[in-house]
Amino acid sequence: MSELRVPSPESRPRRIAVLASGRGSNLQALIDAISAGTLQAELVGVFSDRADAGALQRARAAGIDHAALEPKAFASRSAFDAELFARIDAAGPDLIVCAGYMRLLDAGMVDARPGRMVNIHPSLLPAFKGLRTHRRALAAGGREHGASVHFVTADLDGGPVISQARVPVRDDDDEAALAARVLAREHPLLLETVRWLVAGRIALHEHQVHLDGRALAAPLQLAANNRFA
Ligand code: NHR
Ligand code: GAR
(Lines give C-alpha, C1' and ligand atoms only; values in the text may rest on other atoms or scores of the structure.)
(Ligands and ions follow the chains in the order given, each with its own letter.)
Protein backbone atom coordinates (compact mmCIF):
# COMPACT_ATOMS: atom_id res chain seq x y z
CA MET A 1 0.00 0.00 0.00
CA SER A 2 1.35 3.39 -0.90
CA GLU A 3 0.74 6.14 1.61
CA LEU A 4 -2.19 8.40 0.73
CA ARG A 5 -1.78 12.09 1.22
CA VAL A 6 -3.29 15.33 0.13
CA PRO A 7 -0.78 16.91 -2.27
CA SER A 8 1.05 19.98 -1.07
CA PRO A 9 0.04 23.17 -2.90
CA GLU A 10 3.28 23.00 -4.90
CA SER A 11 2.40 19.62 -6.40
CA ARG A 12 -1.07 20.62 -7.54
CA PRO A 13 -1.58 20.44 -11.29
CA ARG A 14 -1.74 24.14 -12.04
CA ARG A 15 0.15 24.04 -15.33
CA ILE A 16 -1.97 22.37 -17.99
CA ALA A 17 -1.07 21.21 -21.51
CA VAL A 18 -3.84 20.27 -23.94
CA LEU A 19 -3.73 17.78 -26.81
CA ALA A 20 -6.41 18.31 -29.46
CA SER A 21 -7.02 17.27 -33.05
CA GLY A 22 -10.20 19.13 -33.88
CA ARG A 23 -12.39 22.12 -33.32
CA GLY A 24 -11.25 22.72 -29.75
CA SER A 25 -14.49 23.59 -27.98
CA ASN A 26 -13.33 21.75 -24.84
CA LEU A 27 -10.07 23.72 -24.98
CA GLN A 28 -12.13 26.91 -25.32
CA ALA A 29 -14.10 25.99 -22.19
CA LEU A 30 -10.79 25.80 -20.28
CA ILE A 31 -9.57 29.09 -21.78
CA ASP A 32 -12.82 30.86 -20.88
CA ALA A 33 -12.91 29.52 -17.31
CA ILE A 34 -9.31 30.58 -16.67
CA SER A 35 -9.95 34.07 -18.01
CA ALA A 36 -13.17 34.30 -15.97
CA GLY A 37 -11.21 33.35 -12.85
CA THR A 38 -13.25 30.20 -12.19
CA LEU A 39 -10.35 27.81 -12.86
CA GLN A 40 -7.07 28.46 -11.05
CA ALA A 41 -4.71 27.15 -13.69
CA GLU A 42 -2.47 28.14 -16.56
CA LEU A 43 -2.49 26.71 -20.09
CA VAL A 44 1.17 26.18 -20.93
CA GLY A 45 0.78 24.66 -24.38
CA VAL A 46 -1.63 23.25 -26.95
CA PHE A 47 -0.37 20.41 -29.14
CA SER A 48 -1.96 18.85 -32.20
CA ASP A 49 -1.39 16.18 -34.80
CA ARG A 50 -3.27 18.35 -37.31
CA ALA A 51 -2.02 21.71 -38.52
CA ASP A 52 -5.59 22.70 -39.46
CA ALA A 53 -7.09 22.00 -36.03
CA GLY A 54 -9.43 24.72 -34.82
CA ALA A 55 -7.90 24.19 -31.39
CA LEU A 56 -4.63 25.74 -32.63
CA GLN A 57 -6.42 28.86 -33.82
CA ARG A 58 -8.15 29.15 -30.45
CA ALA A 59 -4.76 28.83 -28.72
CA ARG A 60 -3.29 31.49 -30.97
CA ALA A 61 -6.21 33.84 -30.30
CA ALA A 62 -5.75 33.34 -26.55
CA GLY A 63 -1.99 33.88 -26.68
CA ILE A 64 -1.14 30.30 -25.66
CA ASP A 65 1.95 28.52 -27.01
CA HIS A 66 0.89 25.95 -29.57
CA ALA A 67 2.43 23.50 -32.00
CA ALA A 68 1.35 21.01 -34.64
CA LEU A 69 3.38 17.95 -35.51
CA GLU A 70 2.82 16.27 -38.86
CA PRO A 71 2.56 12.48 -38.44
CA LYS A 72 3.79 11.90 -42.00
CA ALA A 73 7.06 13.62 -41.12
CA PHE A 74 7.94 10.80 -38.70
CA ALA A 75 9.14 7.30 -39.51
CA SER A 76 7.00 5.65 -36.84
CA ARG A 77 4.34 6.28 -34.23
CA SER A 78 6.90 6.02 -31.48
CA ALA A 79 9.13 8.59 -33.21
CA PHE A 80 6.13 10.94 -33.47
CA ASP A 81 5.25 10.50 -29.81
CA ALA A 82 8.87 10.91 -28.71
CA GLU A 83 8.93 14.34 -30.36
CA LEU A 84 5.42 15.20 -29.14
CA PHE A 85 6.29 14.43 -25.52
CA ALA A 86 9.63 16.22 -25.80
CA ARG A 87 7.65 19.34 -26.75
CA ILE A 88 5.09 18.75 -24.02
CA ASP A 89 7.79 18.21 -21.39
CA ALA A 90 9.50 21.43 -22.48
CA ALA A 91 6.30 23.29 -21.56
CA GLY A 92 6.51 21.82 -18.05
CA PRO A 93 2.88 20.84 -17.45
CA ASP A 94 1.66 19.20 -14.23
CA LEU A 95 -1.41 17.88 -16.04
CA ILE A 96 -1.99 16.88 -19.68
CA VAL A 97 -5.59 17.03 -20.92
CA CYS A 98 -6.58 15.15 -24.08
CA ALA A 99 -9.56 17.06 -25.46
CA GLY A 100 -10.58 15.53 -28.76
CA TYR A 101 -7.13 14.12 -29.47
CA MET A 102 -7.66 11.44 -32.11
CA ARG A 103 -4.35 9.62 -32.19
CA LEU A 104 -3.31 6.65 -30.08
CA LEU A 105 -0.53 7.50 -27.66
CA ASP A 106 2.54 5.39 -27.10
CA ALA A 107 2.02 3.13 -24.08
CA GLY A 108 5.47 3.86 -22.69
CA MET A 109 4.92 7.63 -22.81
CA VAL A 110 1.56 7.30 -21.07
CA ASP A 111 2.82 4.85 -18.45
CA ALA A 112 5.68 7.21 -17.63
CA ARG A 113 3.14 9.86 -16.55
CA PRO A 114 0.76 8.04 -14.20
CA GLY A 115 -2.02 10.23 -12.87
CA ARG A 116 -0.85 13.15 -14.99
CA MET A 117 -2.94 12.62 -18.12
CA VAL A 118 -6.71 12.71 -18.49
CA ASN A 119 -8.99 12.31 -21.51
CA ILE A 120 -12.57 13.36 -22.14
CA HIS A 121 -14.35 10.62 -24.02
CA PRO A 122 -17.84 10.90 -25.53
CA SER A 123 -19.49 7.87 -23.95
CA LEU A 124 -20.41 6.45 -20.57
CA LEU A 125 -17.32 4.27 -20.22
CA PRO A 126 -16.81 1.35 -20.21
CA ALA A 127 -19.49 1.45 -22.92
CA PHE A 128 -18.31 2.46 -26.41
CA LYS A 129 -14.57 2.76 -26.16
CA GLY A 130 -12.88 4.00 -29.33
CA LEU A 131 -14.34 6.10 -32.13
CA ARG A 132 -17.85 6.91 -33.52
CA THR A 133 -19.38 6.59 -30.11
CA HIS A 134 -22.62 8.46 -30.85
CA ARG A 135 -23.40 6.34 -33.88
CA ARG A 136 -22.76 3.18 -31.91
CA ALA A 137 -24.84 4.38 -28.95
CA LEU A 138 -27.79 5.02 -31.29
CA ALA A 139 -27.37 1.63 -32.94
CA ALA A 140 -27.33 -0.09 -29.55
CA GLY A 141 -30.72 1.45 -28.74
CA GLY A 142 -30.00 2.45 -25.12
CA ARG A 143 -31.93 5.29 -23.46
CA GLU A 144 -28.88 6.99 -21.99
CA HIS A 145 -25.55 8.25 -23.31
CA GLY A 146 -22.98 10.77 -22.14
CA ALA A 147 -19.33 11.57 -21.57
CA SER A 148 -16.56 10.43 -19.23
CA VAL A 149 -13.28 11.86 -18.02
CA HIS A 150 -10.71 9.17 -17.29
CA PHE A 151 -7.04 8.88 -16.44
CA VAL A 152 -5.15 7.91 -19.56
CA THR A 153 -3.33 4.59 -19.32
CA ALA A 154 -1.85 2.30 -21.97
CA ASP A 155 -5.25 0.56 -22.08
CA LEU A 156 -7.11 2.59 -24.74
CA ASP A 157 -10.10 4.34 -23.14
CA GLY A 158 -9.71 1.82 -20.34
CA GLY A 159 -8.04 3.95 -17.67
CA PRO A 160 -9.84 4.59 -14.37
CA VAL A 161 -12.95 6.74 -14.87
CA ILE A 162 -13.06 9.89 -12.74
CA SER A 163 -16.37 11.46 -13.66
CA GLN A 164 -19.37 11.24 -15.99
CA ALA A 165 -22.25 13.33 -17.32
CA ARG A 166 -25.41 11.63 -18.59
CA VAL A 167 -27.87 12.70 -21.26
CA PRO A 168 -31.06 11.05 -22.49
CA VAL A 169 -31.24 9.49 -25.95
CA ARG A 170 -34.39 10.72 -27.71
CA ASP A 171 -36.48 8.77 -30.18
CA ASP A 172 -35.83 11.18 -33.03
CA ASP A 173 -32.08 11.58 -32.39
CA ASP A 174 -29.56 11.36 -35.16
CA GLU A 175 -25.79 11.28 -34.66
CA ALA A 176 -25.44 15.08 -34.85
CA ALA A 177 -28.26 15.83 -32.41
CA LEU A 178 -26.96 13.33 -29.88
CA ALA A 179 -23.35 14.54 -30.26
CA ALA A 180 -24.47 18.13 -29.64
CA ARG A 181 -26.39 17.15 -26.49
CA VAL A 182 -23.35 15.30 -25.16
CA LEU A 183 -20.92 18.11 -26.08
CA ALA A 184 -22.97 20.64 -24.12
CA ARG A 185 -22.38 18.51 -21.02
CA GLU A 186 -18.72 17.79 -21.84
CA HIS A 187 -17.65 21.36 -21.21
CA PRO A 188 -18.96 21.63 -17.62
CA LEU A 189 -17.85 18.04 -16.95
CA LEU A 190 -14.29 18.75 -18.05
CA LEU A 191 -14.17 22.03 -16.13
CA GLU A 192 -15.45 20.60 -12.87
CA THR A 193 -13.11 17.61 -13.12
CA VAL A 194 -10.07 19.76 -13.88
CA ARG A 195 -11.03 22.06 -10.98
CA TRP A 196 -10.94 19.09 -8.60
CA LEU A 197 -7.65 17.88 -10.06
CA VAL A 198 -6.18 21.36 -9.70
CA ALA A 199 -7.44 21.53 -6.12
CA GLY A 200 -5.57 18.30 -5.41
CA ARG A 201 -8.77 16.49 -4.44
CA ILE A 202 -8.63 13.82 -7.16
CA ALA A 203 -5.61 11.62 -7.71
CA LEU A 204 -4.67 8.23 -9.10
CA HIS A 205 -3.27 5.68 -6.65
CA GLU A 206 -2.63 2.06 -7.53
CA HIS A 207 -4.88 2.19 -10.59
CA GLN A 208 -7.84 3.60 -8.63
CA VAL A 209 -9.28 7.09 -8.58
CA HIS A 210 -9.06 8.64 -5.12
CA LEU A 211 -11.13 11.56 -3.89
CA ASP A 212 -9.81 13.32 -0.79
CA GLY A 213 -7.61 10.31 -0.12
CA ARG A 214 -10.27 7.58 -0.44
CA ALA A 215 -10.87 5.24 -3.37
CA LEU A 216 -13.97 6.16 -5.38
CA ALA A 217 -16.52 3.35 -5.54
CA ALA A 218 -18.04 4.73 -8.76
CA PRO A 219 -17.33 7.67 -11.06
CA LEU A 220 -18.43 11.11 -9.88
CA GLN A 221 -21.69 12.15 -11.57
CA LEU A 222 -22.17 15.68 -12.87
CA ALA A 223 -25.58 16.97 -11.82
CA ALA A 224 -27.79 19.46 -13.66
CA ASN A 225 -26.26 22.32 -11.64
CA ASN A 226 -22.80 21.41 -13.02
CA ARG A 227 -21.58 20.16 -9.64
CA PHE A 228 -20.68 16.63 -8.67
CA ALA A 229 -23.58 14.90 -6.97
N1 NHR B 1 -3.72 6.65 -25.91
C2 NHR B 1 -3.61 5.76 -24.91
N3 NHR B 1 -2.44 5.11 -24.80
N4 NHR B 1 -4.61 5.50 -24.05
C5 NHR B 1 -5.78 6.15 -24.18
O6 NHR B 1 -6.76 5.87 -23.33
C7 NHR B 1 -5.96 7.11 -25.20
C8 NHR B 1 -4.87 7.34 -26.06
C9 NHR B 1 -4.99 8.26 -27.11
C10 NHR B 1 -6.16 8.94 -27.31
C11 NHR B 1 -8.55 9.34 -26.79
C12 NHR B 1 -9.50 8.28 -27.37
C13 NHR B 1 -10.95 8.73 -27.28
O14 NHR B 1 -11.31 9.52 -26.39
C15 NHR B 1 -7.25 8.69 -26.46
C16 NHR B 1 -7.15 7.80 -25.40
C17 NHR B 1 -8.07 7.90 -30.85
C18 NHR B 1 -8.40 6.59 -31.16
C19 NHR B 1 -7.99 5.97 -32.47
O20 NHR B 1 -8.33 4.82 -32.75
C21 NHR B 1 -9.10 5.87 -30.22
C22 NHR B 1 -9.46 6.43 -29.01
C23 NHR B 1 -9.11 7.74 -28.70
C24 NHR B 1 -8.43 8.48 -29.63
N25 NHR B 1 -7.25 6.69 -33.34
C26 NHR B 1 -6.79 6.23 -34.67
C27 NHR B 1 -5.29 5.89 -34.62
O28 NHR B 1 -4.92 5.01 -35.40
C29 NHR B 1 -6.94 7.29 -35.72
C30 NHR B 1 -8.35 7.61 -35.98
C31 NHR B 1 -8.50 8.86 -36.87
O32 NHR B 1 -7.52 9.56 -37.13
O33 NHR B 1 -9.64 9.11 -37.24
O34 NHR B 1 -4.53 6.56 -33.90
O35 NHR B 1 -11.79 8.24 -28.05
C1 GAR C 1 -15.47 15.81 -28.10
O2 GAR C 1 -16.79 15.35 -28.25
C3 GAR C 1 -14.62 14.76 -27.43
O4 GAR C 1 -15.30 14.07 -26.40
C5 GAR C 1 -14.35 13.85 -28.57
O6 GAR C 1 -14.11 14.70 -29.67
C7 GAR C 1 -14.81 15.91 -29.48
C8 GAR C 1 -13.84 17.06 -29.53
O9 GAR C 1 -14.53 18.27 -29.56
N10 GAR C 1 -13.22 13.02 -28.34
C11 GAR C 1 -12.99 11.91 -29.02
O12 GAR C 1 -13.78 11.44 -29.81
C13 GAR C 1 -11.65 11.27 -28.73
N14 GAR C 1 -11.43 10.21 -29.62
P15 GAR C 1 -13.73 19.63 -29.38
O16 GAR C 1 -12.54 19.58 -30.33
O17 GAR C 1 -14.71 20.68 -29.79
O18 GAR C 1 -13.33 19.74 -27.95
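Going by the structure above, here's the rest.
Calculation notes
Residues numbered from 1 in each chain as written. Chains lettered and ligands numbered in written order. Predicted model: local features only at pLDDT ≥ 70, side-chain atom pairs only at ≥ 80, totals over all residues. Heavy atoms only, no water. Near = heavy atom within 4 Å. Polar contact = N/O pair within 3.5 Å; in protein donor to acceptor, adjacent residues only side chain to side chain. Areas by Shrake-Rupley, 256 points an atom, 1.4 Å probe, with all protein chains shown as cover. Helix = DSSP H or I, 4+ residues; strand = E, 2+ residues; numbered from the N terminus. Nonpolar A, V, L, I, M, F, W, Y, C, P; charged D, E, K, R; others polar. Buried < 20%, exposed > 50% of the residue type's maximum accessible area, 1.4 Å probe, protein only. Arc of directions from axis to C-beta. Contact = heavy atoms within 4.5 Å. Pairing = 2+ DSSP bridges.

A closer look at the site of ligand 2
Item 1. In the neighbourhood of ligand 2, 13 residues make up the surrounding shell, with Arg23, Gly24, Ser25, Asn26 and Glu186 lying closest.
Item 2. Ser25 has a polar side-chain atom sitting 2.6 Å from an oxygen atom of ligand 2.
Item 3. Interatomic distance of 2.7 Å between a side-chain N/O atom of Glu186 and an oxygen atom of ligand 2.
Item 4. Summarising the interface, the protein chains cover 87% of the accessible area of ligand 2, which totals 450 Å² for the free molecule.
Item 5. Elements with a minimum of two residues in the shell around ligand 2: helix 1 (25-36) and helix 6 (175-198).
Item 6. For the shell around ligand 2, the class distribution of residues is six nonpolar, five polar and two charged.

Quick word on helix 5 (residues 133-140)
Item 1. Those residues of helix 5 that sit buried are Thr133, His134 and Ala137. On an axial view of helix 5, the arc spanned by its buried residues comes to 95°, and they lie on one face.
Item 2. Where helix 5 is buried, its residues meet strand 5 (117-121), strand 6 (144-151) and helix 6.

As for the pairing of strand 8 (residues 202-205)
Item 1. Bridge count for strand 8 against strand 9 (residues 208-211) is four bridges, and the pairing is antiparallel. Counterpart to His205 in the pairing with strand 9 is Gln208.
Item 2. Taking the residues between adjacent antiparallel strands as the criterion, strand 8 and strand 9 are bridged by two residues, where Glu206 takes a positive phi near 50°.

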